[in-house]
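Here's the letter readout for the chains.
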Amino acid sequence: MIIVMSPRATAAQLQHVIERIEALGYHAHVIHGSERNVVGAVGDERGKFQLQSLESLPGVDSVVPILKPYKLASKEVKAEKSIITVGHVKIGGPRLVVMAGPCSVESREQVMETAEVVKRAGAQILRGGAYKPRTSPYSFQGMEEEGLKLLAEAREATGLPIITEVMNPREIEIIERYTDIIQIGARNVQNFSLLKEVGQCRKPIFLKRGMSTTISEFLLSAEYILSQGNRDVILCERGIRTFETATRNTLDLSAIPVLQGETHLPVVVDPSHATGHWRLVPPMAKAAVAAGADGLMIEVHPHPEEALSDGPQALKPERFIHLMEELRRFAEVAGRTL
Ligand code: PEP
Ligand code: MN
């Protein structure tokens, strides 16, 4: 249910509403609007008639049901777009955000060289995996804490905030200590216990769509995080499984406007995992900007032929720099800056 406060409601009236919601066994999530505040009351649907009675409290304009299965993620609860701040970077605002870097952290030289390129090209966030979800147990599994240290060193050197993936609740604490944004990969989009755990974190969560996750399921996964109190969720479309084999996945471009219509959360597109081939990354990156994405995640490697994971889809430094120049023009046409 959404409790819509009157524009003239006092802070004490708002507080009283929150206390009543909690006394009924619900969680109260206050959304501060420019005109008025609303309070999302989320929890067991069975008590909604009791919530309806809050309409008689002073300062309350109306109590309305949230029709979508996802509540806090929905535009019904929050019409204004969420802007997520990471250091000096704002994700979800008019400026497109580009996160770039290697699939995996492999060595100091590799991370430092890539970080310098990423920065020089004008990207705002450095990506790199230290705990890798590999299809085969015999493939490189990531440098773990050593990798996190190298990412932190690269942040120190360049000033770029960093993003890295967590796969296991046991590793949340150590990853949160180093990273600025916590990534949940496609394979874990419905690992509900992991989602609940990162919902308790203070760092923003970058949630990738699963390879066979519907948009509604994807938003319900975001809801798991939001309902634990972490409001900073960034969604990422990274391609879905279809019958097509010419590309690694099929980039669901229409997911961008669908998500933008359903949710206030920022929507980022990863054309690297979506296509699996570096040649396809620039056209799909441009298409994503045209379709209204708030940002891009792109894999870059100084020597893709030597990469320990996802080499075929990594852009070489000069190609990434060139793409960023092209993207500036696309961003402008899409009413954005970069
Ligand atoms: C990644 O970002 O390196 C990754 C493993 O992506 P995904 O979870 O989308 O496959
Ligand atoms: Mn990868």
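Going by the structure above, here's the rest.
Keep in mind the model is a prediction, meaning the values are calculated, not measured.

A.B. asks: Break down the site of ligand 1 for me, with residues and values.
C.D. replies: Taken together, 13 residues lie near ligand 1, and Arg127, Ala186, Arg187, Lys208 and Arg238 sit nearest. At 2.7 Å, a side-chain N or O of Arg127 approaches an oxygen atom of ligand 1. A distance of 2.6 Å is found between an oxygen atom of ligand 1 and a side-chain nitrogen or oxygen belonging to Arg238. Its free accessible area being 300 Å², ligand 1 has 97% of it covered by the protein chains. Of the residues that constitute the shell around ligand 1, the class distribution is 3 nonpolar, 3 polar and 7 charged.

A.B. asks: An account of the coordination of the manganese ion (ligand 2) is requested, with residue identities and associated values reported.
C.D. replies: Around the manganese ion (ligand 2), the protein supplies Cys103 (SG), His273 (NE2), Glu299 (OE) and Asp310 (OD) as donor atoms, at distances of 2.0 to 2.4 Å. All donors to the manganese ion (ligand 2) come from one chain, and their sequence spacing reads C-x169-H-x25-E-x10-D. Of the two residues, His273 sits in helix α9 (residues 271–275) while Glu299 sits in strand β14 (residues 295–299), which places them 26 residues apart along the sequence. Residues His273 and Glu299 agree in their burial class; the two are buried.

A.B. asks: Pulling in residues and values, what's your account of unusual backbone geometry?
C.D. replies: A negative phi angle is the norm for most residues apart from glycine, just as the trans form is the norm for most peptide bonds. In this structure, Glu144 is a non-glycine residue whose phi angle is positive, near 55°. Mapped onto the secondary structure, Glu144 falls in the loop between β8 (125–127) and α4 (145–158). Here Glu144 falls in the partly exposed class, since its relative accessible area comes to 41%. A positive phi angle, near 55°, is found at Asp310, a position not held by glycine. Relative to the helices and strands, Asp310 resides in the loop between β14 and α11 (317–333). Its relative accessible area of 18% is what places Asp310 among the buried residues.

What counts and how
Residues numbered from 1 in each chain as written. Chains lettered and ligands numbered in written order. Predicted model: local features only at pLDDT ≥ 70, side-chain atom pairs only at ≥ 80, totals over all residues. Heavy atoms only, no water. Near = heavy atom within 4 Å. Polar contact = N/O pair within 3.5 Å; in protein donor to acceptor, adjacent residues only side chain to side chain. Areas by Shrake-Rupley, 256 points an atom, 1.4 Å probe, with all protein chains shown as cover. Nonpolar A, V, L, I, M, F, W, Y, C, P; charged D, E, K, R; others polar. Donors = N, O, S within 2.8 Å, 3.2 Å for Na, K, Ca; no water. Helix = DSSP H or I, 4+ residues; strand = E, 2+ residues; numbered from the N terminus. Buried < 20%, exposed > 50% of the residue type's maximum accessible area, 1.4 Å probe, protein only.

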